[in-house]
Amino acid sequence: MSLQALIFDVDGTLADTERDGHRVAFNQAFSEAGLDWHWDVPLYGALLAVTGGKERMRYYLDRYRQDFPRPADLDAQIARLHAAKTRHYTALLAQGGIPLRPGVRRLLAEARAAGMRLAIATTTTPENVTALLRCALTADAESWFEVIAAGDVVPAKKPAPDIYQYALEELGLDARACLAFEDSENGLRAARDAGLRTVVTVNDYTRDQDFSDALLVLDQLGEAEQPFRVLASAMPLNGARAFDLALARKLAAH
Ligand code: XBP
Ligand code: MG
């Protein structure tokens, strides 16, 4: 089956948003609310085991803050904190704080020019996706993606396959006609369980995770002047230096 669409995760894949973006925005929301919660870099790495900001806050309380007195309206408090965190995060993006990862702009532009269909499947909110695309890619970047599957549109977040299944349904495509791009084990499991083959670009938080089910594991997508490093590959790459559409098609045919 020929390759017809590329489906991208957002956080950690399009841009390194977690450590210097989401984490910072969570802490801003906590201190604004007068809470003594603070997520440092290593703690945030542990909290990334749970995807979704609201789910992550609940996990933090359960796992690390048994001392914190739960208010009767905990769900509402978490929802308020999450809305504040989204406000801080999108403000941070608007300041140009977070660039795309190497090779992302190049691959998206090549795919768009070739008429390859593009989609997003992410755990984060639609507001955050829009803000990142507009601030880091281009003002009309949302229109580059035929489907933006994000956040609470499905009940179960990654590693559940729901968000990828939703994206595939919206695209009207079989998983075998698509490639997924991920940065984390939770994301890879979600894509795999939706039947997708996956290319992983690792980052500092994820490089030691289990990516044995990925088709290809790279340090980043690569540019001519900054070639990728291959961490694992299901097929020989014959000296390729940057991940492009030709390589995507070769992998999909594998
Ligand atoms: C991303 C996430 C998200 C972000 C925060 O996972 O886990 O929770 O950290 O997003 P993935 P929200 O890259 O696998 O989609 O706070 O907007 O939920
Ligand atoms: Mg991710």
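Since the structure is predicted, the reported quantities are computational estimates derived from the model, not experimental observations.

Reading the values: rules and limits
- Residues numbered from 1 in each chain as written.
- Chains lettered and ligands numbered in written order.
- Predicted model: local features only at pLDDT ≥ 70, side-chain atom pairs only at ≥ 80, totals over all residues.
- Heavy atoms only, no water.
- Near = heavy atom within 4 Å.
- Polar contact = N/O pair within 3.5 Å; in protein donor to acceptor, adjacent residues only side chain to side chain.
- Areas by Shrake-Rupley, 256 points an atom, 1.4 Å probe, with all protein chains shown as cover.
- Helix = DSSP H or I, 4+ residues; strand = E, 2+ residues; numbered from the N terminus.
- Nonpolar A, V, L, I, M, F, W, Y, C, P; charged D, E, K, R; others polar.
- Phe/Tyr/Trp six-rings, centres within 6.5 Å; stacked < 30°, edge-to-face > 60°.
- Lys NZ or Arg CZ within 6 Å of the ring centre and 35° of its normal.
- Core = buried A, V, L, I, M, F, W, Y, C linked by side-chain atoms within 4.5 Å.
- Buried < 20%, exposed > 50% of the residue type's maximum accessible area, 1.4 Å probe, protein only.
- Contact = heavy atoms within 4.5 Å.
- Pairing = 2+ DSSP bridges.
- Axes fitted to C-alpha atoms, helices over the stretch in contact; angles between N-to-C directions.

A. Up close: the site of ligand 1. Gly52, Gly53, Arg56, Lys85 and Thr124 are the nearest of the 18 residues found near ligand 1. Here an oxygen atom of ligand 1 and a backbone polar atom of threonine 125 are 3.4 Å apart. Calculation on ligand 1 without its partners gives an accessible area of 450 Å², and the protein chains cover 97% of this total. For the shell around ligand 1, the secondary structure elements donating two or more residues are helix H1 (18-32), helix H3 (53-64) and helix H4 (74-94). Across the shell around ligand 1, the residue classes tally to two nonpolar, ten polar and six charged.

B. Expanded view of the packing of aromatic side chains. Evaluation of the coordinates by the stated rule reveals 13 aromatic pairs. Aromatic ring contacts, followed pair by pair, group Phe26, Phe30, Trp37, Trp39, Tyr44, Tyr60, Tyr64, Phe68 and Tyr205 into a single cluster. Here lysine 85 stacks its cationic end above the ring of phenylalanine 26, 4.6 Å away from the centre of that ring.

C. Structural context of the nonpolar core. Counting residues in each nonpolar core, the largest one holds 45 residues, and the members touching the most others are Leu6, Phe8, Leu14, Phe145, Leu179, Phe181 and Phe243. Setting aside chain neighbours within four positions, we find leucine 179 in contact with Leu3, Ala5, Leu6, Ile7, Arg197, Val199, Leu215, Phe243 and Ala248. If you look at the next biggest cluster of nonpolar residues, it comprises 20 residues, including Ile7, Val147, Ala190 and Leu196.

D. A look at the sheet that holds strand E7 (residues 230-233). Sheet architecture is open: seven strands sit in the order E3-E2-E1-E4-E5-E6-E7, paired in mixed fashion. The sheet is open, and its two borders are formed by strand E3 (147-150) and E7, each paired with just one other strand. For this sheet the average axis-to-axis angle between neighbouring strands, irrespective of direction, equals 15°. Pairing geometry for strand E5 (residues 197-201) and strand E6 (residues 216-218), over three bridges, is parallel. Looking at E6, one finds that valine 199 is bridged to leucine 216. Where helix H9 (residues 245-253) meets the sheet, it contacts strand E1 (5-8), strand E4 (178-182), E5 and E6, and its direction lies at approximately 135° from that of E5.

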